[in-house]
Amino acid sequence: MAQKSNFEEIFSFLHGKFSNETEYLQAVHEVLEDIVPVYNANEQYKALDIVRRISMPERVIYFTVSWMNSEGRIEINQGWRVQHNSAMGPYKGGLRFHPTVNLSVLKFLAFEQCFKNALTGLPMGGGKGGSDFNPKGRTDRDIMLFCQAFMRELQRHIGANTDVPAGDINVGAREIGYLYGEYRRLNNKFEGVLTGKGLEFGGSYVRTEATGFGLIYFLEAVCKHRGSKIEGQTIVVSGAGNVALHAALKAVEKGGKVISLSNSRGLLLNEDGLTDTALKWAIDNHANRNNILADMADEDMGKWLPDKKPWHLKCDIALPCATQNELLEEDANTLLDSGCQMVLEGANMPCTNEAQARFLDVKIVYVPGKASNAGGVALSGLEMSQNAMFNQRDASTLDEQLYSIMESIHQRCLDEGKANDGDTKYVNYLKGANIAAFRRLADAMVAQGV
Ligand code: NDP
Ligand code: 2IT
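Each value, and the rule that gives it
Residues numbered from 1 in each chain as written. Chains lettered and ligands numbered in written order. Predicted model: local features only at pLDDT ≥ 70, side-chain atom pairs only at ≥ 80, totals over all residues. Heavy atoms only, no water. Pairing = 2+ DSSP bridges. Helix = DSSP H or I, 4+ residues; strand = E, 2+ residues; numbered from the N terminus. Axes fitted to C-alpha atoms, helices over the stretch in contact; angles between N-to-C directions. Near = heavy atom within 4 Å. Polar contact = N/O pair within 3.5 Å; in protein donor to acceptor, adjacent residues only side chain to side chain. Nonpolar A, V, L, I, M, F, W, Y, C, P; charged D, E, K, R; others polar. pLDDT = per-residue confidence, 0-100. Core = buried A, V, L, I, M, F, W, Y, C linked by side-chain atoms within 4.5 Å. Buried < 20%, exposed > 50% of the residue type's maximum accessible area, 1.4 Å probe, protein only. Contact = heavy atoms within 4.5 Å. Phe/Tyr/Trp six-rings, centres within 6.5 Å; stacked < 30°, edge-to-face > 60°. 1 Å grid on protein atoms, 1.4 Å probe; cavity = no way out; pocket = protein on both sides within 12 Å on 5 of 7 lines; lining within 4 Å. Points joined across faces, edges and corners; volume = space filled by probe spheres on them. Areas by Shrake-Rupley, 256 points an atom, 1.4 Å probe, with all protein chains shown as cover. Parallel < 35°, antiparallel > 145°, perpendicular 65-115°, else oblique. Left-handed = near helix turned anticlockwise from the far one by under 90°. Expected span 1.5 Å × (residues − 1).

Caption draft 1: Structural detail: the sheet that holds strand 12 (residues 365-367). Taken in spatial order, the seven strands line up as 9-8-7-6-10-11-12 in an open sheet, and their pairing is mixed. Edge positions in the sheet fall to strand 9 (303-306) and strand 12, since each of these pairs with one other strand and no more. For this sheet, the mean inter-axis angle between neighbouring strands, taken without regard to orientation, is 15°.

Caption draft 2: Spatial organisation of the site of ligand 2. Within the structure, ligand 2 sits among 14 residues, and Lys92, Lys116, Asp168, Arg207 and Ser380 are positioned closest to it. A distance of 3.0 Å separates an oxygen atom of ligand 2 from a polar atom in the side chain of asparagine 348. Contact between ligand 2 and serine 380: an oxygen atom at 2.5 Å from a side-chain N or O atom of the residue. Those elements that place two or more of their residues in the shell around ligand 2 are strand 3 (91-97), helix 5 (103-120) and helix 15 (375-388). Of the residues in the shell around ligand 2, the class split is two nonpolar, seven polar and five charged.

Caption draft 3: Geometry of the confidence of the model for the protein chain. Put simply, the protein chain has an average pLDDT of 96, and 98% of its residues get 70 or more. The secondary structure element of the protein chain with the lowest average pLDDT is helix 1 (residues 6-17), at 90, and the one with the highest is strand 10 (residues 317-320), at 99.

Caption draft 4: Structural view of the pairing of strand 8 (residues 266-269). Taken together, the four bridges between strand 7 (residues 257-263) and strand 8 define a ladder with antiparallel strand orientation. Bridging from a neighbouring strand, serine 262 pairs with leucine 267 of strand 8. Counting the residues in the hairpin turn of strand 7 and strand 8 gives two residues. Direction of pairing for strand 8 relative to strand 9: antiparallel, over a ladder of four bridges. When the sheet's bridge partners are listed, leucine 267 is paired in strand 9 with leucine 305.

Caption draft 5: Representation of the nonpolar core within the structure. In terms of nonpolar packing, the biggest core is built from 104 residues, with Phe218, Leu261, Met296 and Phe438 touching the most fellow members. Element by element, the count of residues in this core is highest for helix 17 (residues 429-447), at 11 residues. In contact with phenylalanine 218, not counting residues within four places along its chain, are Leu344, Val367, Ala371, Ser372, Met406, Ile409, His410, Cys413 and Tyr429. Counting 24 residues, the second largest nonpolar core, distinct from the first, contains Phe63, Phe133, Ala149 and Ile158.

Caption draft 6: Just the packing of aromatic side chains, in detail. Tallying each qualifying case throughout the model produces 18 aromatic pairs. Taking the centre distance of 5.5 Å and the plane angle of 85° together, the rings of phenylalanine 18 and tyrosine 24 count as edge-to-face. A centroid spacing of 5.5 Å and a plane angle of 70° characterise the contact between tryptophan 67 and phenylalanine 146, whose relative ring orientation is edge-to-face. Residue tryptophan 67 is found in strand 1 (residues 59-68), and its partner phenylalanine 146 is found in helix 6 (residues 140-154); the two are separated by 79 residues along the sequence. We note that tryptophan 67, like phenylalanine 146, is buried. Taken together, the ring pairs in this structure connect Phe63, Trp67, Phe97, Phe133, Phe146 and Phe150 into an aromatic cluster.

Caption draft 7: Unusual backbone geometry, seen in detail. Here asparagine 188, not a glycine, exhibits a phi torsion of approximately 55°, which is positive. Counting through the fold element by element, asparagine 188 comes out in the loop between helix 7 (173-187) and helix 8 (207-226). The phi angle at methionine 349 is positive, at roughly 50°, despite the residue not being glycine. Mapping methionine 349 onto the fold places it in the loop between strand 11 (342-344) and helix 13 (353-361).

Caption draft 8: Focus on the layout of surface pockets. Considered as a void within the structure, the second largest pocket measures approximately 370 Å³ in volume. Of the residues that constitute the lining of the second largest pocket, the class distribution is 10 nonpolar, 10 polar and two charged.

Caption draft 9: Main features of the site of ligand 1. Taken together, 25 residues form the shell around ligand 1, and within it Asp168, Asn170, Thr211, Ser264 and Asn348 come nearest. A distance of 2.9 Å separates an oxygen atom of ligand 1 from a polar side-chain atom of lysine 136. Within the complex, 85% of the 890 Å² of free accessible area of ligand 1 lies under protein. Taken together, the elements giving at least two residues each to the shell around ligand 1 come down to helix 8, helix 9 (242-253) and strand 7.

Caption draft 10: Examining the packing of helix 6 against helix 7 more closely. Two elements in contact, helix 6 and helix 7, have axes whose closest approach is 8 Å; the angle formed by their N-to-C orientations is 45°. Put simply, helix 6 runs oblique to helix 7. As for how helix 6 packs across helix 7, the hand of that crossing is right-handed. Two secondary-structure elements touch here, helix 6 through Asp140, Ile143, Met144, Cys147, Gln148, Phe150, Met151 and Arg152 and helix 7 through Arg174, Glu175, Tyr178, Leu179, Glu182, Tyr183, Arg185 and Leu186. The residue inventory of the contact of helix 6 with helix 7, partitioned by class, reads nine nonpolar, one polar and six charged.

Caption draft 11: Fine view of helix 5. For helix 5, which comprises 18 residues, the first-to-last C-alpha distance of 26 Å matches the rise-based estimate of 26 Å (1.5 Å per residue) to within 8%. By the criterion of burial, helix 5 is predominantly enclosed, with 17 of the 18 residues buried. Its side-chain oxygen placed 3.1 Å from the backbone nitrogen of serine 104, asparagine 102 serves as the N-cap of helix 5. Of the residues flanking the end of helix 5, it is glycine 121, one or two places downstream, whose phi is positive at about 80°.

Here you go:
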């Protein structure tokens, strides 16, 4: 029997150990396929088994969150923190509260986070955490009680120089405030242990906007590289949360026509393009509405189409900003048939492997979230540095820093993502992002020994 290559052996090792963790295996595959040549050309990487070590979390923390709700009833939830890799800095990554959260989802997010953080150029390792708690429809008091109980368990594992969580799906400013308050009370310490904090207690200007704005800054860099502009292009956005709304707003500010937003219940369509007034209204109100998109339709800001996704809409640019695996192969085909030229991910891993393959096959612009949505964690890194110095920089300085970080991530993707088939114009952003991040992370691991 032919001997298995090192990569095949690593794949079958991971599949054997984690066969039911489909999202995690999907994310690992997506990276490993691109880094084979870099790994094979480096004897040190091989000798130190870097790929297997990079693929596996350094530590997985599990805890049960038992809490008493505001009606005096006991509720039990599951909580995790996946501390994936700390070679580049403290573990860094968000917390997600959603009924679909499980170990596989958090392991994929923590793995992706390490590569994303490497691309920012800031000293941050990668991690992710969260709970299967569903905050939808809960009272503010229940949210606070849950956040406090969650932090009572999490607090012993985190710290400003150890592990610094932030927000993600269903964890925004309100939840970070409650989590932070509990950490501070229990530890008698005011330290930058979470990012996304309120401006009055160590938060940073531009953190709230950073993921969505950064996505559009990345899009601008892509357009500049291709000699085009955002102005006049038709854009579909999925999602209606922090990332989607800020991306839509910045795209409109740049002259783009944003015709959709969506959520788990349906689609908001406005064929004339959403206005910045409508988007600012949604930004101000989405956190305390059950369905901001239906409310926008009630305010004549668009048409509400229940159970629909946006991928059948004719567009130049698609920005999936909701959740993992929301854009399937058939959606990719529909987008391509209607002439879509660019897909930039605001969410983490929103395109399935098959959808991704379609975009790469036909060589449209496809940018993975680890590059295009890195603006959020980059601003978190800047929040950490402001906390360490006990200062607060102004919004315009931070916005400029965000812009230049997104441009530099774009450049890193160009440097490593050129095609090797003689096509000098095409940039494979997925390959570029994977290789650029891998080199940085692998070199940090090699330098620090085993
Ligand atoms: P929010 O909680 O603010 O918004 C999430 C949005 O996605 C909501 O509109 C929600 O709809 C929708 N959504 C969630 N789950 C599903 C689902 N299973 N199917 C369809 N729609 C769904 O989260 P964010 O905007 O912060 O996060 C969105 C994505 O961006 C996530 O993938 C996250 O990991 C990623 N991201 C976030 C960053 C940040 O700084 N916040 C940074 C980088 C990436 P509904 O209300 O109906 O549930
Ligand atoms: O996926 C992500 O990059 C985030 N949810 C933000 C992480 C952070 O630490 O700001």
